[in-house]
Amino acid sequence: MAAVVLVTGGTGLVGKAIEYVIEHEPEGSRFGKRPGEKWIFAGSREADLRNPEETLKLFEKYQPTHVIHLAALVGGLFANRERKMTFLRDNMLINDNVLHAAHIKGTHKVISCLSTCVFPDKVEYPLTEEKVHLGPPHSSNFGYAHAKRMVDVQNHAYKEEFGCNFTSAIPTNVFGPHDNFDLKHAHVMPALIHKCYLSQKNNTPFKVMGDGSPLRQFIYSRDLAKLFIWQMREYESVEPVILSVDENDEISIRDLANSIVKVMNHADKPEFENEINDNGQDRKPASNAKLMSLIGDFKFTPFEQALEETVTWFLQNYANART
Ligand code: NAP
Ligand code: GFB
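Residues numbered from 1 in each chain as written. Chains lettered and ligands numbered in written order. Predicted model: local features only at pLDDT ≥ 70, side-chain atom pairs only at ≥ 80, totals over all residues. Heavy atoms only, no water.

For the chain, an unreviewed UniProt entry supplies the name GDP-L-fucose synthase and the organism Suillus fuscotomentosus. You can read under Sequence similarities (unreviewed entry) in the UniProt record for the chain the words "Belongs to the NAD(P)-dependent epimerase/dehydratase family. Fucose synthase subfamily." (UniProt positions renumbered as here; feature names shortened; annotations may be inferred.)

Encoded structure:
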């Protein structure tokens, strides 16, 4: 029987990227749709997954055989720092409802989404899958991080007690079309693209928070989408897998800001606020060795090309984007 794939969080950055890949990869190819497969991309208007009844109704409506579970309350450093209990509770409710519904409805496989920010802040680098629970996460996002870590615990418990095939992915920082470009709550990449745009438009300084020293790895959403499709089709372990570019592909916030200036042809240079407290985590270098040992030949989109595609999408869709 052909799969029925429910993508929760299907209207967001990563969900839209999966929809793009499924629509554009050749049917029957490694990342393309299989004949007869049905893909559903659900946002919160379909069901508020914090509500158990609405969650069950969504599963009864579509009877999914597979779930790529992306739905979450998501935000950058500043959103997380201000709303730790909301990020903890909303995401725990969403995750518990989705996994419970999948279990009682007999979903064959669920992949849930963690994040490299869930790793301990003080741990031997590089970050690898077995280190998730080896210490407290960075204080700035401990609410979100603990909600996400609990998914790994739930996956193991569902497997041991009920034999459920639930697993998880651990992406690094993601960017791409359909991102959230809100100046206060977004992640750094979309926030700086938006800020650079306004600096050009209004002839005002292009201000960057912190001192630019923290390091981050960035994965293009359309590459991450392919990795989720691979994980759904070809990965059968309960253990999480990090979905990231190479650990040596870390770039500083300073270099990121300068790359954005270059791609957007801005005449001015970024100005750093230099408030050290706004730096967040210094770095979170994640190893993709497990992924690369399993997936074989996979090419990531060159960073500059991915940034250009994202900026082009932003400028063409500014009126309707999340700003
Ligand atoms: P996003 O763009 O903010 O999208 C979030 C999605 O979740 C949207 O489709 C949203 O629906 C849905 N959603 C939020 N609250 C919901 C609720 N109560 N009930 C039902 N649906 C709800 O986020 P994203 O960046 O695509 O993130 C997708 C996944 O990747 C998340 O699990 C996130 O933790 C993970 N992740 C993201 C990053 C990153 O850098 N972006 C990095 C690592 C991991 P609406 O469209 O209706 O709001
Ligand atoms: O993407 P981001 O907000 O979150 O990046 P994290 C924060 C880094 O970018 C800090 C700098 O070093 C900030 O000082 N930065 C500079 C800015 N200007 C800005 C700006 O205008 N907006 C933002 N947001 N940052 C998140 C976690 O950590 O990683 C989330 O809090 C999530 O839970 C995400 O997991 C993937 O990378 O620090």
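Now, onward.
1. Observations regarding the site of ligand 1
As a structural note, the neighbourhood of ligand 1 is formed by 28 residues, with Thr 11, Ser 44, Leu 70, Tyr 144 and Arg 322 the closest of them. Within the backbone of Gly 9, a nitrogen or oxygen atom sits 3.3 Å from an oxygen atom of ligand 1. A distance of 3.2 Å is found between an oxygen atom of ligand 1 and a backbone nitrogen or oxygen belonging to Gly 12. With the chains in place, 88% of the 900 Å² that ligand 1 exposes on its own is no longer accessible. Looking at the shell around ligand 1 residue by residue, the class counts come to 14 nonpolar, 10 polar and four charged. (Near = heavy atom within 4 Å. Polar contact = N/O pair within 3.5 Å; in protein donor to acceptor, adjacent residues only side chain to side chain. Areas by Shrake-Rupley, 256 points an atom, 1.4 Å probe, with all protein chains shown as cover. Nonpolar A, V, L, I, M, F, W, Y, C, P; charged D, E, K, R; others polar.)

2. Looking at the site of ligand 2
Around ligand 2 there are 24 residues in total, and Cys 117, Lys 195, Arg 216, Asp 278 and Asn 279 lie nearest to it. Within the contact set of ligand 2, an oxygen atom lies 2.8 Å away from a side-chain nitrogen or oxygen of Ser 115. Ala 186 is positioned such that a nitrogen or oxygen atom in its backbone is 3.0 Å from a nitrogen atom of ligand 2. For ligand 2, whose unbound accessible area comes to 700 Å², protein coverage reaches 97%.

3. Focus on the side chain of Ser 244
Looking at where Ser 244 falls in the secondary structure, it is placed in the loop between strand 10 (241-243) and strand 11 (251-252). In this structure Ser 244 touches Thr 172, Gln 217, Ile 219, Ala 286, Asn 288, Leu 291 and Phe 300, once residues within four positions along its chain are discounted. (Helix = DSSP H or I, 4+ residues; strand = E, 2+ residues; numbered from the N terminus. Contact = heavy atoms within 4.5 Å.)

4. What to know about the UniProt feature "domain: NAD-dependent epimerase/dehydratase" (unreviewed entry) in the chain
Look at the UniProt record and you will see "domain: NAD-dependent epimerase/dehydratase" (unreviewed entry) annotated at residues 5-239. Secondary structure within residues 5-239 divides into 43% helix and 14% strand; the distance between the first and last C-alpha atoms comes to 21 Å.

5. So, the packing of aromatic side chains
Applying the stated criterion across every chain, the model contains 15 aromatic pairs. An aromatic cluster is present here, built from Phe 181, Tyr 197, Trp 313, Phe 314 and Tyr 318 joined pairwise through their rings. The ring of Tyr 20 has Arg 222 lying over it, and the distance from NZ or CZ to the ring centre is 3.5 Å. Arg 254 extends its terminal NZ or CZ atom over the ring of Phe 272, reaching a point 4.1 Å from the ring centre. (Phe/Tyr/Trp six-rings, centres within 6.5 Å; stacked < 30°, edge-to-face > 60°. Lys NZ or Arg CZ within 6 Å of the ring centre and 35° of its normal.)

6. Observations regarding the pattern of salt bridges
Between side chains of opposite charge, a pair can form as their charged atoms come close. Enumeration over the complete set of coordinates arrives at 17 salt bridges. A salt bridge links Glu 82 to Lys 184; the shortest N-O distance between them is 3.9 Å. Taken together, the positions of Glu 82 in helix 3 (residues 77-82) and Lys 184 in the loop between strand 6 (173-175) and helix 6 (188-202) put the pair 102 residues apart, joining distant regions of the chain. By relative accessible area, which is 48% here, Glu 82 ends up partly exposed. Glu 236 is the partner of Lys 109 in a salt bridge, and the nearest nitrogen-oxygen pair spans 3.1 Å. (Salt bridge = Lys/Arg side-chain N within 4 Å of Asp/Glu carboxyl O. Buried < 20%, exposed > 50% of the residue type's maximum accessible area, 1.4 Å probe, protein only.)

7. Some remarks on the packing of helix 4 (residues 84-104) against helix 5 (residues 142-162)
At a closest axis distance of 8 Å, the pairing of helix 4 and helix 5 adopts a crossing angle of 20°. With respect to each other, helix 4 and helix 5 are oriented roughly parallel. Of the two possible hands of crossing, helix 4 and helix 5 adopt the one that is right-handed. Contacts between helix 4 and helix 5 involve Lys 84, Phe 87, Leu 88, Asn 91, Met 92, Asn 95, Asp 96, Leu 99, His 100 and His 103 on the former and, on the latter, Phe 142, Gly 143, Tyr 144, His 146, Ala 147, Val 151, Gln 154, Asn 155, Tyr 158 and Phe 162. A per-class count over the contact of helix 4 with helix 5 returns 10 nonpolar, eight polar and two charged. (Axes fitted to C-alpha atoms, helices over the stretch in contact; angles between N-to-C directions. Parallel < 35°, antiparallel > 145°, perpendicular 65-115°, else oblique. Left-handed = near helix turned anticlockwise from the far one by under 90°.)

8. A few points about helix 5
Taking 1.5 Å per residue, 21 residues should reach 30 Å; helix 5 reaches 29 Å between its end C-alpha atoms and fits that length. When helix 5 is considered as a whole, its buried residues turn out to be Gly 143, Tyr 144, Ala 145, Ala 147, Lys 148, Arg 149, Val 151, Asp 152, Gln 154, Asn 155 and Tyr 158. Those residues of helix 5 that are buried are in contact with helix 3, helix 4, strand 4 (109-113) and strand 5 (166-171). Immediately beyond the C-terminal end of helix 5, within one or two residues, lies Gly 163, with a positive phi of roughly 70°. (Expected span 1.5 Å × (residues − 1).)

9. What to know about helix 4
Over its 21 residues, helix 4 runs 30 Å from end to end, which matches the ideal 30 Å to within 8%, given 1.5 Å per residue. Where helix 4 is buried, its residues contact helix 2 (52-62), strand 3 (66-69), helix 3, strand 4, helix 5 and strand 5. Remark: Gly 106 follows helix 4 within two positions and exhibits a positive phi of approximately 70°.

10. Here's the deal with the sheet that holds strand 3
Strand-to-strand pairing in sheets goes through backbone hydrogen bonds, with the strands running parallel or antiparallel. Taken together, six strands build an open sheet; the order of strands is 2-1-3-4-5-10 and the sheet is parallel. Unpaired on one side and paired on the other, strand 2 (38-42) and strand 10 mark the two borders of the sheet. Strand-to-strand twist across the sheet, computed as the mean angle between neighbouring axes with direction ignored, equals 20°. Note: strand 5 against strand 10, three bridges, orientation parallel. (Pairing = 2+ DSSP bridges.)

11. Regarding the environment of Lys 57
By the element assignment, Lys 57 lies in helix 2. Judged by its relative accessible area of 57%, Lys 57 is exposed. A sequence separation of 11 residues divides Lys 57 from Glu 46, and the C-alpha atoms of the two residues are 9.7 Å apart.

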